[in-house]
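# Structural characterization, general
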Amino acid sequence: MPTTADATGRDGGGRQRAGFVINPIKFDDVDDVRRQMERICAENGWDEPLWLETTEEDPGAGQAREVLDAGCDLVVPIGGDGTVRTVASQLVGTDVPLGLVPAGTGNLLARNLDLPVTSRKGALNLALTGADRRVDVGQVRYWDTDGETHEEYFLVMGGVGMDADVMESTDDEVKKRFGWMAYARSAVLLGYDTPVPASIRTGEDEPVRKKIRSVLFGNVGKLQGGVAVLPEARIDDGQLDTLVVAPRGITGWAGVVAGMVTRGSVGGGNVSYHQGTQVDVQLATPTRAQVDGDGVGYVTRIAGRIVPKALTVRVRPVGQRGARRAGFAA
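Let us look at the structure shown here. Per chain, residue numbering runs from 1 following the sequence as it is written. With the structure being a predicted model, the display of local features is reserved for residues of pLDDT at least 70 and the display and counting of side-chain atom pairs for 80 or more, all residues being used for whole-chain, interface and lining totals. By convention in this description, side-chain values take in all heavy atoms of the structure and omit both hydrogens and water.

Opposite charge on two side chains permits them to pair, given that their charged atoms come into close proximity. A carboxyl oxygen of Asp or Glu within 4 Å of a side-chain nitrogen of Lys or Arg is what we treat as a salt bridge. In total, this model carries 13 salt bridges according to the counting rule given. For Asp-236, the salt bridge identified is with Arg-133, shortest N-O distance 3.1 Å. One end of the pair, Asp-236, is in the loop between strand S10 (214-218) and strand S11 (240-245); the other, Arg-133, is in strand S5 (residues 131-144), and 103 residues separate them in sequence. Residue classification places Asp-236 among the buried residues on the basis of a relative accessible area of 10%. Put simply, Asp-165 and Arg-288 hold a salt bridge, and the shortest N to O gap is 3.4 Å. Highlighted residues: Asp-165 in helix H7 (residues 162-169) and Arg-288 in strand S13 (residues 278-291), separated in sequence by 123 residues. Taking the relative accessible area as the measure of exposure, Asp-165 reaches 11% and is therefore buried. By definition, any uninterrupted DSSP run of H or I lasting at least four residues is a helix, any uninterrupted run of E lasting at least two residues is a strand, and each is numbered from the N terminus. Using a 1.4 Å probe on the protein chains alone, a residue whose accessible area is under 20% of its type maximum counts as buried, one over 50% counts as exposed, and one in between counts as partly exposed.

The next point concerns empty space enclosed by the protein. In the cavity and pocket records, a cavity denotes points on a 1 Å grid over the protein atoms alone where a 1.4 Å probe fits but cannot get out, a pocket denotes an open set with protein on both sides within 12 Å along at least 5 of 7 lines, and lining residues are residues with an atom within 4 Å of a point. Grid points are joined across faces, edges and corners, and a volume is the space filled by probe spheres set on the points. A complete count under the given rule lists three cavities of 30 Å³ or more for this structure. Roughly 60 Å³ of volume is contained in the largest cavity. Lining the largest cavity are Pro-77, Gly-79, Gly-80, Asp-81, Val-84, Leu-100, Val-101, Pro-102, Ala-103, Asn-107, Leu-109 and Ala-110. Taken together, the residues of the lining of the largest cavity sort by class into eight nonpolar, three polar and one charged. Amino acids outside the nonpolar list (Ala, Val, Leu, Ile, Met, Phe, Trp, Tyr, Cys, Pro) and the charged list (Asp, Glu, Lys, Arg) are all regarded as polar, and Gly is one of them.

Here's what the structure looks like:
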């Protein structure tokens, strides 16, 4: 796939062009959003952008390829984490930067990079004028109940168990009304579910057998509300961080809370943290899984790994307020 310079023939002296891939179901008036984006591009001296909408049949991959083929200098998904992941998967291995204009409930990649999440204008201005940063990308492979194998990229987190149950059981209308608190409500209701026997292998360690409620692995560490569920995770450290939640009975949830507060130093084995380049979880019974918040159904096995520095993202320039708080290793 050609790089930006190959496709456009520009050497930095000409006007640049952005390509937008928007999820239209996120907005009441897509035309209004389009006019705003075009106006901000013009104000920053960019050409009229390419504008494409996702569909139920194609949630962003085909549109992202069309933007790349058109030689755009920047690709900007406008939607939730699922739209961002789908578009970004087509940029992996290229030099074309990803700009972020969040429009979902979680917006977890933007939050972890300390990018604007409440202002479309602020987000696009930063995408057009910010700095390029190479970041890691996660790759997940999972086996469904028919024995079929699936492989996808992820930017934030993947997992199996309670975290996927929470995503699947949280109503879209409730999410619109209460935001990330809707997930907290679902988590409380699911705390009594039966744990699943699993074999978990992290890095090159020997597999460990546990009855788990959740195994969460991530490229970044923060969930909704700023909760650092993987506190050591950095998006450019070449490492995959994994959290194993295995409470021993109802009282074990107190140990889970204690373990998460102390980053695993206490908690009686009800929660543990691991860091390496990969994780592999084999489940005794089919269990729900999720990738960047999107449910992928029931799986019998799921494995994740890190692809170092595989994607370019447009972020705050070094020295700008907020840049130091972003989830980078250095």
